[in-house]
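So the chains spell out like this:
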Amino acid sequence: MIAYLRGTVKFRDKDFCILDVNGVGYKVFLDEQSRQSLQLDSPTELFIHSAVRQDAINLFGFKERTTLELFELLLNVSGIGTKSALAIVSKISTEEFARLVAAQDINALSRLPGIGKKSAERICLELKDKITIPINSQSAQIQSSVQEEAAQALEALGYTASEITFKGAPPNSSTEQLIKFALKNLNRFA
């Protein structure tokens, strides 16, 4: 199995890149943050998850090891495949995800792309003992309520929950700062 690749980015699309590793081009599906960080004809390193199916071998690449670990943890939840897991890690940080699971916040989890109430309940049930919160829980609760307020304001402006992301926002941002951050990212892809 391929677990790591280092090479040059030869092509970048909306959800994958072609990575040239010593003359061999690997098609690697990427989470949003990893994809945004890649520059054409620039060297990069990616942590890889190899998904072997009967008809294909797909590679999923991540700049951060913690994102790969969350992706693989999600694949262990019944009903969540690679497409859903990739969409989830593209929309939420590992710390925020861990906090939501620890708090059993089904409503917030069900707002993630491809996740309904039943899937959110399954995630909480199957991952509650497998995930830890690596950050101060009190500041996480405050930040979560700020994110909730910002998400509600953006939804009032007509954006869908699946479009809204705060991943990559500066820590301890205010509601206003989160709204500006999300609008900047939303307008970049408009």
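Cut-offs used in this document
Residues numbered from 1 in each chain as written. Predicted model: local features only at pLDDT ≥ 70, side-chain atom pairs only at ≥ 80, totals over all residues. Heavy atoms only, no water. Pairing = 2+ DSSP bridges. Helix = DSSP H or I, 4+ residues; strand = E, 2+ residues; numbered from the N terminus. Axes fitted to C-alpha atoms, helices over the stretch in contact; angles between N-to-C directions. Contact = heavy atoms within 4.5 Å. pLDDT = per-residue confidence, 0-100. Salt bridge = Lys/Arg side-chain N within 4 Å of Asp/Glu carboxyl O. Buried < 20%, exposed > 50% of the residue type's maximum accessible area, 1.4 Å probe, protein only. Core = buried A, V, L, I, M, F, W, Y, C linked by side-chain atoms within 4.5 Å. Patch = residues over 30% accessible without salt bridge, like charges linked within 9 Å, V, L, I, M, F, W, Y side chains within 5 Å. Areas by Shrake-Rupley, 256 points an atom, 1.4 Å probe, with all protein chains shown as cover. Arc of directions from axis to C-beta. Phe/Tyr/Trp six-rings, centres within 6.5 Å; stacked < 30°, edge-to-face > 60°.

### Observations concerning the sheet that holds strand β3 (residues 24-30)
Spatially, β1-β2-β3-β5-β4 is the arrangement adopted by the 5 strands of the closed barrel, whose pairing is mixed. If you compare each strand with its neighbour and ignore which way they point, the axes differ by 55 degrees on average. The pairing of strand β1 (residues 4-12) with strand β2 (residues 16-21) spans 4 bridges and is antiparallel. Across the sheet, the residue bridging to R12 is C17, located in β2. Against the sheet, helix α2 (residues 65-75) makes contact with β4 (43-52) and β5 (57-62), and its axis sits at roughly 10 degrees relative to β4, the strand it touches most. Strands β3, β4 and β5 of the sheet are contacted by helix α3 (residues 82-91), whose axis makes an angle of about 10 degrees with β5.

### Brief notes about the confidence of the model for the protein chain
Residue-level pLDDT values for the protein chain average 85, and 92% of them are 70 or greater. Confidence drops under pLDDT 50 across residues 135-139; counting only partners more than four residues distant or on other chains, this segment forms 2 contacts.

### Focus on the pattern of salt bridges
A complete count under the given rule lists 8 salt bridges for this structure. Between R111 and E148 there is a salt bridge whose closest N-O contact spans 2.8 Å. Remark: E148 occurs in helix α7 (residues 137-156) and R111 occurs in the loop between α5 (106-109) and α6 (117-127); sequence separation between them is 37 residues. Judged by its relative accessible area of 32%, R111 falls in the partly exposed class.

### Details of α3
Taken residue by residue, α3 has A85, L86, I88, V89 and S90 as its buried positions. Tucked into the core, α3 has its buried residues touching β3, α1 (32-37), β5, α2 and α4 (94-102).

### Considerations on the nonpolar core
Ranked by internal contacts, the top residues of the largest apolar core, which has 30 residues, are L74, F97, L109, I123 and L127. Of all the elements in the fold, those that place two or more residues in this core are β5, α2, α3, α4, α5 and α6. The biggest single contributor to this core is α2, with 5 residues.

### Describing a nonpolar patch on the surface
A cluster of nonpolar residues, M1, V52 and I57, forms a patch on the protein surface that exposes about 390 Å² of accessible area. You can see I57 is positioned in strand β5. Judged by relative accessible area, which is 60%, I57 ranks as exposed.

### Looking at α6
Working note: α-helix, 3.6 residues per turn, so residues spaced by three or four point in the same direction. Those residues of α6 lying buried are S119, A120, I123, C124 and L127. Taken end-on, α6 shows its buried residues confined to a sector of 140 degrees, consistent with a single buried face. For α6, the exposed residues set more than 90 degrees away from the buried face come down to K117, K118 and L125. On the buried face of α6, the contacting elements are α2, α4 and α5.

### Some remarks on the packing of aromatic side chains
Summed over all chains, the structure comprises 6 aromatic pairs. Between F60 and F71 the ring centres are 5.3 Å apart and the planes differ by 35 degrees, which places this aromatic pair in the tilted class. Taken as a pair, F60 in strand β5 and F71 in helix α2 lie far apart in primary sequence, 11 residues in all. Residue F71 is classed as buried on the basis of its relative accessible area of 0%. For the ring pair F62 and F71, a centre distance of 5.0 Å and an interplane angle of 45 degrees mean the geometry is tilted. Considered together, F62 and F71 belong to a single accessibility category, that of buried residues. Put simply, the rings of F11, F16, F29, F60, F62 and F71 pair up and form one aromatic cluster.

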